[in-house]
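Listed below, chain by chain, are the residues.
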Amino acid sequence: MARARLSQERSRQRREQLLDAAVRVYAFGGIRAVTHRAVASEAQLPTAATTYYFASITELVREAFRRHITGWTASLENVDLHDLDLSFLADVDDTTRAIIPTFAEHDRTMWGLDLALFLQASRDQELRPEISEAVRLINQRLTGLLTEHGLEQPDELAAALISQMVGTAIRLQSHDDDVVEAHNLATSLRYLLAAHLAGPESVDEACRRISGRSAESP
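Read on for an overview of the structure. Being a predicted model, the structure only gives us computed values, none of them experimental.

**Some thoughts on the overall build of the protein chain**
When you go through the protein chain residue by residue, the secondary structure sums to 10 helices and 0 strands. Along the protein chain, helices (α) and strands (β) appear in the sequence α-α-α-α-α-α-α-α-α-α when read from the amino end. A compact globule built from 218 residues should have a C-alpha radius of gyration of about 17 Å, whereas the protein chain, at 22 Å, is more than 25% larger. In terms of overall dimensions, the protein chain has C-alpha extents of about 75 × 45 × 30 Å along its principal axes. Per-residue burial for the protein chain yields a buried fraction of 29% across its 218 residues. Pairs at least 24 apart in sequence give 67% of the contacts found in the protein chain among residues at least 6 apart. Positive and negative side-chain charges in the protein chain, numbering 23 and 32 respectively, have mean positions lying 12 Å apart.

**With respect to the packing of helix H8 (residues 154-171) against helix H9 (residues 178-198)**
Packing of H8 against H9 brings their axes to within 10 Å, and their N-to-C directions diverge by 165°. Relative to H9, the element H8 is oriented roughly antiparallel. Of the two possible hands of crossing, H8 and H9 adopt the one that is right-handed. Along the contact surface, H8 presents Leu157, Ala160, Leu161, Gln164, Met165, Thr168 and Arg171, while H9 presents Glu181, Asn184, Leu185, Ser188, Leu189, Leu192, Leu193 and His196. In the contact of H8 with H9, the residues fall into 8 nonpolar, 5 polar and 2 charged.

**Examining the side chain of Thr143**
If you trace the backbone, Thr143 turns up in helix H7 (residues 128-148). Leave out the neighbours within four places in its chain, and Thr143 touches Pro154, Asp155 and Ala158.

**Here we look at helix H4 (residues 57-77)**
Between its first and last C-alpha, H4 extends 30 Å over 21 residues, near the 30 Å set by a 1.5 Å rise per residue. Among all positions of H4, only Leu60, Val61, Glu63, Ala64, Phe65, Arg66, His68, Ile69, Thr73 and Leu76 are buried.

**Side note on the nonpolar core**
Core analysis: the largest hydrophobic core is formed by 26 residues, its most contacted members being Leu18, Val34, Val39, Phe65, Ile69 and Leu117. Considering every element that reaches this core, the biggest residue donor is helix H1 (residues 2-29), with 7 residues. Setting aside residues no more than four positions away along its own chain, Leu18 makes contact with Val39, Ala40, Ala43, Leu45, Ala49, Thr50, Tyr53, Phe54 and Leu60. Listed in part, the 16 residues of the second largest apolar core include Phe103, Leu157, Ile162 and Ala186.

**Points about the pattern of salt bridges**
This structure, assessed with the given rule, holds 13 salt bridges. As a salt-bridge pair, Glu42 and Arg24 come within 2.8 Å of each other at their nearest N and O atoms. Here Glu42, found in helix H2 (residues 36-43), pairs with Arg24, found in helix H1; they are 18 residues apart in sequence, far enough to count as distant. We classify Glu42 as partly exposed; its relative accessible area is 34%.

Criteria and cut-off values
Residues numbered from 1 in each chain as written. Predicted model: local features only at pLDDT ≥ 70, side-chain atom pairs only at ≥ 80, totals over all residues. Heavy atoms only, no water. Helix = DSSP H or I, 4+ residues; strand = E, 2+ residues; numbered from the N terminus. Rg over C-alpha atoms; globule rule 2.2 N^0.38 Å. Buried < 20%, exposed > 50% of the residue type's maximum accessible area, 1.4 Å probe, protein only. Contact = heavy atoms within 4.5 Å. Lys, Arg positive; Asp, Glu negative; His and termini not counted. Charge placed at Lys NZ, Arg CZ, Asp CG, Glu CD. Axes fitted to C-alpha atoms, helices over the stretch in contact; angles between N-to-C directions. Parallel < 35°, antiparallel > 145°, perpendicular 65-115°, else oblique. Left-handed = near helix turned anticlockwise from the far one by under 90°. Nonpolar A, V, L, I, M, F, W, Y, C, P; charged D, E, K, R; others polar. Expected span 1.5 Å × (residues − 1). Core = buried A, V, L, I, M, F, W, Y, C linked by side-chain atoms within 4.5 Å. Salt bridge = Lys/Arg side-chain N within 4 Å of Asp/Glu carboxyl O.

Structure follows, in structure tokens:
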């Protein structure tokens, strides 16, 4: 029995080695780089190991993406947003200074990988449940934070804030100045919050003024 358990544990570890290796191969070369040979080499295992544990390269990629997304979602669940002090939002410079450390704490290469991986995974119907759960959890956590601070229609605002943050993650892939990007994000988040608090009528009036100026332009 002990020998059987040892064999099962070794098999599990090898399988996970291959799944993690597949994500690394994808990170460096994209989906076309993920082959049986490349993944086995990255995992430092015989090439035959991939075909032993996975019936096809499609299954290998799918399971690798599923593992990565599930792990990402689990890590998000451990982020404690309860009673988060948002007083830094009162000033754009304070907001910028609050954002900069989050850029330093997270490797932008990993952000790029997560973005690319989520986009690739979204094309696979089999992975839609994991994608949907990840997006649902992000919305849920942010909605809860906004609700704690007394904001109405938090679902709508959470979606807008998330869209802005995803856009920043994309910009960070081609921009090296964290301070500039932190300031841009700080400004955008504050504008979204201010517009939400001002209400739809105020936003409509502001947009009418903009469209009126456009109509008057030569």
